[in-house]
Amino acid sequence: MRIYKDKITGDEMFSDTYKIKLVDEVIYEVYGKHVTRKNGEIQLDGANPSAEEFDEGTEDASESGVDIVLNHRLMESFAFPDKKSYTSYLKDYMKKLIPKLEKDSPDQVDVFKNNLNKAMKDILARFKDLQFFTGESMEIEGLVGLMEYRDINGESVPVMMFLKHGLDEEKF
C-alpha cells in the first residue's frame, strides 16, 4: 500500500486504495464514495475487518461522509470564500513548495510550473462547486485538497484533487 502525505505538514492525505487518475502531470484525482459507518470504524477497500472486535454494549453512533475524508482524517476548511483568497494561498504555498522540489526532485520543477497553470485554470473555473480540505493537523500552510462532485454514470461521485508535487509517497 502507498500512503500520500503532505510534503509540508506530513499529514496523511490519501492512499492508493482508491481509484487515482493523474491529470496534466500535476493533479491527482482521487475517486471516493459516500459511506455510513459506526464511529471509529475505518474500512479501507481490500482490508479485512478484525475478527477480534466485540460489542461493548454501548449505543452505536455512526458517521457519514466521503470515505477519503473519514479514513484519512481530513478536515474541511472554510478559509477560501472566493477565488482571490485561494489564488493568494496557492502563490504562498508555491513559494514553500518549489524550494523543496528544487532540492528533492529538480527534474520535476519545470513539469510542475509548466502544467500547473493549465490545470488550475480548469479547476478555478469550477470554484463555486469546490470544497477545501486540510490534513489532520488543520495546518492551512500545507497542502489543501479540493473536492467536487461529478456525475459519473448517473451517480454523484466525490472526486478529491491534490497537487502531485505537494505529496510524498510512502510504501507500506
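Below you will find a few notes about this structure. Being a predicted model, the structure only gives us computed values, none of them experimental.

Thresholds, definitions, all that
- Residues numbered from 1 in each chain as written.
- Predicted model: local features only at pLDDT ≥ 70, side-chain atom pairs only at ≥ 80, totals over all residues.
- Heavy atoms only, no water.
- Helix = DSSP H or I, 4+ residues; strand = E, 2+ residues; numbered from the N terminus.
- Contact = heavy atoms within 4.5 Å.
- 1 Å grid on protein atoms, 1.4 Å probe; cavity = no way out; pocket = protein on both sides within 12 Å on 5 of 7 lines; lining within 4 Å.
- Points joined across faces, edges and corners; volume = space filled by probe spheres on them.
- Nonpolar A, V, L, I, M, F, W, Y, C, P; charged D, E, K, R; others polar.

A closer look at the environment of Met120
Move 1: Looking at the secondary structure, you find Met120 in helix H3 (residues 109–124).
Move 2: Expressed as a C-alpha distance, the spacing of Met120 and Leu90, which sit 30 residues apart in the sequence, is 9.8 Å.
Move 3: When residues no more than four places from it in sequence are discounted, the contact partners of Met120 are Ile27, Tyr86 and Leu90.

Some points on empty space enclosed by the protein
Move 1: The tally for this structure, following the rule as stated, stands at one cavity of 30 Å³ or more.
Move 2: By volume, the largest cavity is sized at about 40 Å³.
Move 3: In this structure, the largest cavity is lined by Ile27, Tyr86, Leu90, Met120, Ile123, Val144, Leu146, Met161, Phe162 and Leu163.
Move 4: Where the lining of the largest cavity is concerned, the elements lending two or more residues are helix H2 (83–104), H3 and strand E10 (155–163).
Move 5: Top element by residues in the lining of the largest cavity is E10. It accounts for three residues.
Move 6: Grouping the constituent residues of the lining of the largest cavity by class yields ten nonpolar, no polar and no charged.

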